[in-house]
Amino acid sequence: GEGQEEEEEQEKVSLRSRTFAGAFDKKNPTSTNTLAQLNMMSASELKKAVKKLRPKNKRAKFALQCAHRKLFRQWLMQLHAGFNVLLFGVGSKKKTLQRFASEWLTEGPVLVVNGYFPALNLQKILYAITKDIMQAHGKTFATLLEHVEYIREFLPEWAPNVYIVIHNIDGESLRSEAAQSVLSRMASVPQLRVIASVDHVLASMLWSARHMSEFNWLAHDVTTYEVYEKELQYATPVVGGDQEDRARGIEFVLRSLTPNHHEILVILAKEQLEEGEKQGIAFHRYLELCQDAMLVGSEVDMKNHLNEMRDHHLVETRRVDGRELYYIPYAEDIVQKHIIDHTYD
């Protein structure tokens, strides 16, 4: 009767409950596999594999290029109107920006900035304006922002626009608040006009309200679906990055720095490798060694050099027994070969 049916239904519910609970009683075994066991490609192997890829959807991509070229006149008018232009969208925009610059930015100097380059030096960009365009030779500046304010004050109002083309303004070397502050101040100078590209999905989080006000962007969707060929040459893999990748990055950075930076770095490298200071050395000890070698004149000079090398990830700090120590965050063989034994051609 009904009583029997109720008992059978309760038994089914009880059975399902025990089965459901039992599924969570089992302990999930922890895998002993590690990333080191993955057979990942090296940087050179990856380059060879990419070169073998055949381009796809050529007609569709060409149609997009044609559509973008029709916007070139609009971009130029917006730059002349006092705005700065920001290009976003899927795919590399490097070729599109280069084409626009060569065909339309013809009435004034053009500075090209590769934001994806790990050893990018904003100071060189600013000196390109003050020395090459303003002819202010021999002028030095304590900070980058001071340099920008000098340009704002003394760049003649009658001077032609200076166009700054930035490939990947969200590149790794430009993601700091300090770098974006310098770029936004540059973009707010009336005679300087910026056209830049972004690729990171969270690029807008780089900018505060003040940055956005100074950049004064007009944004355009410039989806190209083009391969990030140049941009990825300098990218470090998320997993599988090998010693070759790290050494390659150091070489790029050292080429962009002065021999004085290198000598300061060599002092730290030798302390780590030859003097047993594997944890690193304190600032005042480091300053003393560099002053003895006549590489820096003051504490301010030393901090400026160190800040630049920290921006390029050549030097880092860590706290040991309450002390802040400076050290080079690379394997000993890389430090020896690519820093201590590095020579300038």
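Here, every reference points to the structure presented above.
Quick caveat, the model's predicted, so the values are computed rather than measured.

Caption draft 1: Summary view of the overall build of the chain. A tally of helices and strands in the chain yields 14 helices and eight strands. Out of the 345 residues in the chain, the part that is buried amounts to 40%. Counting only contacts in the chain whose residues sit at least 6 apart along the sequence, the fraction spanning at least 24 positions is 74%. Put simply, the chain shows about 21,000 Å² of open surface, and 53% of that area lies on carbon and sulfur atoms.

Caption draft 2: Inspection of unusual backbone geometry at higher detail. In this model, Asn-216 sits at a positive phi of 55°, which is unusual for a non-glycine residue. Within the fold, Asn-216 resides in the loop between helix H9 (209–215) and strand S5 (217–221). The phi dihedral of Tyr-225 is positive, around 60°, even though this residue is not glycine. Its place among the elements puts Tyr-225 in the loop between S5 and helix H10 (243–256). Under the relative-accessibility criterion, Tyr-225 is labelled exposed at 52%.

Caption draft 3: Region of the structure containing the sheet that holds strand S2 (residues 110–114). A sheet is described by the order of its strands in space; here five strands give the open sequence S2-S3-S4-S1-S5, paired in parallel fashion. Looking at the sheet topology across the chains shown, the edges are occupied by S2 and S5. In this sheet, adjacent strand axes meet at a mean angle of 15° when their direction is disregarded. In the sheet, strand S1 (residues 84–88) pairs with strand S4 (residues 192–197) via three bridges, with the strands oriented parallel. Within S4, the position partnered with Leu-87 by the bridge is Ser-197. Most of the contacts of helix H5 (residues 94–104) go to strand S3 (residues 162–167), to which it runs at about 165°, and overall it touches S1, S2, S3 and S4. Relative to the sheet, helix H8 (residues 177–187) contacts S1, S3 and S4, its axis offset from that of S4 by approximately 130°.

Caption draft 4: Fine view of the packing of aromatic side chains. Counted according to the given criterion, the structure contains 11 aromatic pairs. Each ring, one from Trp-75 and one from Phe-100, has its centre 5.4 Å from the other, and the planes form 70°; the classification is edge-to-face. Of this pair, Trp-75 sits in helix H4 (residues 72–80) while Phe-100 sits in helix H5; the two residues are 25 residues apart in sequence, bridging distant segments of the chain. Both residues of the pair, Trp-75 and Phe-100, count as buried.

Conventions and cut-offs
Residues numbered from 1 in each chain as written. Predicted model: local features only at pLDDT ≥ 70, side-chain atom pairs only at ≥ 80, totals over all residues. Heavy atoms only, no water. Helix = DSSP H or I, 4+ residues; strand = E, 2+ residues; numbered from the N terminus. Buried < 20%, exposed > 50% of the residue type's maximum accessible area, 1.4 Å probe, protein only. Contact = heavy atoms within 4.5 Å. Areas by Shrake-Rupley, 256 points an atom, 1.4 Å probe, with all protein chains shown as cover. Pairing = 2+ DSSP bridges. Axes fitted to C-alpha atoms, helices over the stretch in contact; angles between N-to-C directions. Phe/Tyr/Trp six-rings, centres within 6.5 Å; stacked < 30°, edge-to-face > 60°.

Take it as geometry only, folks, not as evidence of what the structure does.
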